[in-house]
Amino acid sequence: QVQLVESGGALVQSGGSLRLSCARSGRTRDVFATAWFRQAPGKEREGVSGILNGRNVQKYYSPSVRGRFIISRDDDKNMVHLQMNDLKAEDTATYFCATGTRSMTIAGVLEAENYNTWGQGTQVTVSS
């Protein structure tokens, strides 16, 4: 079993930056991918960015955040970070960290159905 705890959410002005962190514990050796999802009120959960485990670090981004967000992994501390730059009002949402233990295709990295462990979420609010 994997446990996840997110942190770093806050209120920030448009154009600002935030760094979200996901602390992973438990059977993290079984993790195939870790991803960030977000959900705004009244909207469906959206895959934002994902990163695979292993030496060959592969990263994936949704078109809405590519070029502004950067995902990274700190294996020594078992953390996954999401650096969010040039934040916009439409980035306002609760952000969730999730891990999946099953192999998935590139197209599936940002699909919520492929993830079986979720954190509690951290709120990001961007004021315009």
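Structural data are supplied above this passage.
In this report, the structure presented in the accompanying data block is examined. Predicted model only: the values in this text are computed from it and were never measured. (Residues numbered from 1 in each chain as written. Predicted model: local features only at pLDDT ≥ 70, side-chain atom pairs only at ≥ 80, totals over all residues. Heavy atoms only, no water.)

1. What about the sheet that holds strand 8 (residues 79–84)?
So, point 1. If you trace the 4 strands from one edge of the open sheet to the other, you get 1-3-8-7, paired in antiparallel fashion. Edge positions in the open sheet fall to strand 1 (2–7) and strand 7 (69–74), since each of these has one partner strand only. Neighbour-to-neighbour, the strand axes of this sheet turn through a mean angle of 15°, independent of strand direction.
So, point 2. Pairing geometry for strand 1 and strand 3 (residues 18–26), over 6 bridges, is antiparallel. Of the residues in strand 3, the one forming a bridge with L4 is R24. (Pairing = 2+ DSSP bridges. Helix = DSSP H or I, 4+ residues; strand = E, 2+ residues; numbered from the N terminus. Axes fitted to C-alpha atoms, helices over the stretch in contact; angles between N-to-C directions.)

2. A few points about the nonpolar core
So, point 1. Within the largest apolar cluster, 24 residues are counted, with the highest numbers of intra-cluster contacts made by W36, F69, L82, M84 and Y95.
So, point 2. Counting residues per element, the ones that place at least two in this core are strand 1, strand 3, strand 5 (46–52), strand 7, strand 8, strand 9 (93–100) and strand 11 (122–127).
So, point 3. A35, L52, A98 and L110 belong to the second largest nonpolar core, which has 10 residues in total. (Core = buried A, V, L, I, M, F, W, Y, C linked by side-chain atoms within 4.5 Å. Buried < 20%, exposed > 50% of the residue type's maximum accessible area, 1.4 Å probe, protein only.)

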